[in-house]
Amino acid sequence: MNARRRTVMTAGAAGAAALVTGCGSSDGGGSDESSAPASADAELTGTADVPAGGGTILEDRKIVVTQPTEGEFKAFSAVCTHAGCVVSSVGDGTINCACHGSRFSIKDGAVERGPATRPLPAERITVEGDSIRLA
Ligand code: FES
């Protein structure tokens, strides 16, 4: 009688332990649903990350987003039209390539200084609230 009872209790304890373990692992897997689909309209950046009168280079997307005047956002390819470097900085109204010193306007991507001769191609974007996406 006693032995049987002990067996039941042991099984009960093991069952409880398994339940606890199960809860723990299902909590860990719960974050899966936050992974956003990688589509063309994925957010590029937030408006707060693009300084007015300047811009932000998104190296992984090879896109530069600028804000020539307050509230007006533009985007261009970040690949320099001279020899293909990714542009390195934005400042003084231009998008700058460190490879050979070309500069492009933050307003329209036009060449402000060579050796590049062709403008940075524009990228179409949409601004929704404080989020900037490819159009
Ligand atoms: Fe940009 Fe030459 S690659 S200036």
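Our subject is the structure listed above.
First, a word on what this report is: a plain description of the structure on this page. (Residues numbered from 1 in each chain as written. Predicted model: local features only at pLDDT ≥ 70, side-chain atom pairs only at ≥ 80, totals over all residues. Heavy atoms only, no water.)

## A short note on the pairing of strand β2 (residues 55-58)
Inference 1: Summarising the sheet, β2 and strand β3 (residues 63-69) pair through four bridges and their orientation is antiparallel. Each residue of the ladder has a partner; that of Ile 57, found in β3, is Val 64.
Inference 2: Taking the residues that link successive antiparallel strands as the turn, the β2-β3 hairpin has four residues, and the phi of Lys 62 there is positive, at about 55 degrees. (Pairing = 2+ DSSP bridges. Helix = DSSP H or I, 4+ residues; strand = E, 2+ residues; numbered from the N terminus.)

## Some remarks on the sheet that holds strand β1 (residues 43-46)
Inference 1: Spatial ordering of the open sheet is given by β1-β11-β10, a layout of three strands whose pairing is antiparallel. In the strand order of this sheet, the two ends are held by β1 and β10 (125-128), each with one partner. If you compare each strand with its neighbour and ignore which way they point, the axes differ by 25 degrees on average.
Inference 2: Pairing of β10 with strand β11 (residues 131-134), which is carried by four bridges, proceeds in the antiparallel orientation. If you follow Ile 125 over to β11, its bridge partner there is Leu 134. (Axes fitted to C-alpha atoms, helices over the stretch in contact; angles between N-to-C directions.)

## A short note on the pattern of salt bridges
Inference 1: Across all of its chains, the model carries two salt bridges by this definition.
Inference 2: Its salt-bridge partner being Lys 74, residue Glu 72 comes within 3.7 Å of it at the nearest N-O pair.
Inference 3: For Lys 74, a relative accessible area of 29% gives the class partly exposed.
Inference 4: Across the pair Glu 128 and Arg 133 runs a salt bridge whose closest N-O atoms are separated by 3.7 Å. (Salt bridge = Lys/Arg side-chain N within 4 Å of Asp/Glu carboxyl O. Buried < 20%, exposed > 50% of the residue type's maximum accessible area, 1.4 Å probe, protein only.)

## Quick word on the environment of Ala 48
Inference 1: Structurally, Ala 48 can be placed in the loop between β1 and β2.
Inference 2: The exposed category is assigned to Ala 48, whose relative accessible area is 77%.
Inference 3: Spatially, the C-alpha atom of Ala 48 lies 8.7 Å from that of Ser 131, the residues being 83 residues apart in sequence.

## Some points on the state of the cysteines
Inference 1: Here the structure, examined in full by the defined rule, presents one disulfide.
Inference 2: For Cys 85, the disulfide goes to Cys 99, at an S-S distance of 1.9 Å. Every disulfide takes its handedness from the sign of the S-S torsion; for Cys 85 and Cys 99 that torsion is -95 degrees, giving left-handed. Of this pair, Cys 85 sits in the loop between β4 (72-77) and β5 (89-91) while Cys 99 is found in the loop between β6 (94-96) and β7 (103-105), placing the two residues 14 residues apart along the sequence.
Inference 3: Accessibility expressed as a relative area gives 39% for Cys 99, which makes it partly exposed. (Disulfide = S-S within 2.5 Å.)

## A look at the environment of Val 111
Inference 1: In this fold, Val 111 is placed in strand β8 (residues 111-113).
Inference 2: Its relative accessible area of 31% is what places Val 111 among the partly exposed residues.
Inference 3: The spatial distance from the C-alpha of Val 111 to the C-alpha of Ile 95 is 9.4 Å, given a sequence separation of 16 residues.
Inference 4: Excluding residues that lie within four positions of it along the chain, Val 111 makes contacts with Arg 103, Phe 104, Ala 116, Thr 117, Arg 118 and Pro 119. (Contact = heavy atoms within 4.5 Å.)

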